[in-house]
Amino acid sequence: MSTSITDPMSNSLELRQLRYFIAVAEELHFGKAATRLNMTQPPLSQAIQAFEAELGVALFIRTTRQISLTPAGIALLPEAKKLLLQVQNLRQLVQRAAAGTQGHLSLAFVSIADYSILPPTLRTFRHSHADVSIELREATSDIQLEALEKADIDAGFLIPPIPEKFHALLHYQKILTEPLILAAPEHLFPAGAVVKLEQCVNQSLILFPRKIAPALHDAILGFFHEYGLTPDIGQEAIQMQTIVGLVSAGMGIALVPQSVSNLQRPGVSYHALANSAPAVEIGFAWRKDNPSAVLHSFLQLLNQKYADSSQS
């Protein structure tokens, strides 16, 4: 089937005709143009005549010794080249989109991902997918699940668990786990000191609200209870930078994922815990019915970078 473009008058303009016209217009010789097009001269001459008849104008001035372009032919040549280039670019566009190297990807992320997996992952992906536009939004896990349910985002880095009502809708893949460490006002403990949990019990504890991150909230409180301790909860905050900022202001201590130590604030020091600290998990969730080739490419990258992750 030949490729054609239909104008408002319902006449069919074939791209093949434009290619023939351009070859003759550039060579100004039917024989050379035919050779360039890998065809014989008579069918080419007939095709050009039919093209001129269809347009209702002469494109070439023919003499026994040479041919040249008419004003109509001169006007058509750059537009014909432009049109064929647009068709070529269109083909490349859809091929790149189908391969996941061009398009759009909307990602949400919890704040702790910004200090661990998000920057290096995005940097690697951008290097190999420069034509993909990426939309980022910071959001807590519960907000991300709502956005995924509405298909407002393609995927999100969040803290599990995934509520059962989302199991039929979403895929989930564990990306990494990391231990909790202590963020404390720097005057409380010597720099580099390994701190026992018992040393923290008289300090106000700053942590995530349970509604926002139930697994992290319960893991921290369960950690204290495991050692027979009851922390004094002073403040709650939903953003990691806010929690560290409150520690910097001397409002209390916090147990944070190890990667948060990349967030430096005046007056804050980070310490490993002598006790066996629980780990926090970060995972990646996306809709099972999302057909995005760009998302598929991003998932391939995650699988390469975090080969020990598991999917559910």
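Up top is the structure these notes are about.
Quick look at the structure, then.

**Topic: the overall build of the chain**
Tallying secondary structure elements over the chain gives nine helices and 13 strands in all. Compactness check: the chain gives a C-alpha radius of gyration of 32 Å against a globular reference of 20 Å for 312 residues, more than 25% above the reference. Projected onto the principal axes, the alpha-carbon positions of the chain cover approximately 105 × 40 × 35 Å. When contacts within the chain are restricted to residue pairs at least 6 apart in sequence, long-range pairs at least 24 apart make up 71% of them. By element, 53% of the accessible surface of the chain is carried by carbon and sulfur atoms, the whole surface being about 16200 Å².

**Brief notes about the environment of Arg-16**
As for its placement among the helices and strands, Arg-16 is situated in helix H1 (residues 15-27). Residue classification places Arg-16 among the partly exposed residues on the basis of a relative accessible area of 32%. Considering only alpha carbons, one finds Arg-16 and Gly-267, 251 residues apart in sequence, at a separation of 72 Å. Within the structure, the side chain of Arg-16 is placed 2.5 Å from the side chain of Glu-14, a separation counted as a polar contact.

**Remarks on the side chain of His-217**
Looking at where His-217 falls in the secondary structure, it is placed in helix H7 (residues 214-226). Residues in contact with His-217, not counting those within four places in the same chain, are Leu-207, Phe-208, Pro-209, Arg-210 and Glu-236.

**Describing the pattern of salt bridges**
A full pass over the atoms with the stated rule returns nine salt bridges. In this structure, Arg-16 engages Glu-14 in a salt bridge whose closest nitrogen and oxygen atoms are separated by 2.5 Å. Given the relative accessible area of 17%, Glu-14 is considered buried. Its salt-bridge partner being Arg-287, residue Asp-289 comes within 2.9 Å of it at the nearest N-O pair. Connected through shared salt-bridge partners, Glu-26, Glu-27, Arg-36 and Lys-81 make up one network.

**Overview of helix H3 (residues 41-55)**
Its 15 residues give H3 an end-to-end C-alpha distance of 21 Å, which sits within 8% of 21 Å, the value for a rise of 1.5 Å per residue. Within the span of H3, buried status applies to Leu-44, Ser-45, Ala-47, Ile-48, Phe-51 and Glu-52. Along the long axis of H3, the arc covered by the buried residues comes to 160°, so they all point the same way. Of the exposed residues in H3, the ones pointing more than 90 degrees away from its buried face are Gln-46 and Ala-53. Gly-56 sits one or two positions beyond H3 and adopts a positive phi of about 80°.

**Description of helix H8 (residues 240-248)**
Along H8, the residues classified as buried are Met-240, Ile-243, Val-244 and Val-247. One side of H8 holds all its buried residues, which, seen down the axis, span an arc of 95°. Contacts made by the buried residues of H8 are with strand E8 (170-185), strand E9 (204-207), strand E11 (254-257) and strand E12 (268-271). Of the residues trailing H8, Gly-250 is marked for its positive phi of about 80°.

The rules behind the values
Residues numbered from 1 in each chain as written. Predicted model: local features only at pLDDT ≥ 70, side-chain atom pairs only at ≥ 80, totals over all residues. Heavy atoms only, no water. Helix = DSSP H or I, 4+ residues; strand = E, 2+ residues; numbered from the N terminus. Rg over C-alpha atoms; globule rule 2.2 N^0.38 Å. Contact = heavy atoms within 4.5 Å. Areas by Shrake-Rupley, 256 points an atom, 1.4 Å probe, with all protein chains shown as cover. Buried < 20%, exposed > 50% of the residue type's maximum accessible area, 1.4 Å probe, protein only. Polar contact = N/O pair within 3.5 Å; in protein donor to acceptor, adjacent residues only side chain to side chain. Salt bridge = Lys/Arg side-chain N within 4 Å of Asp/Glu carboxyl O. Expected span 1.5 Å × (residues − 1). Arc of directions from axis to C-beta.

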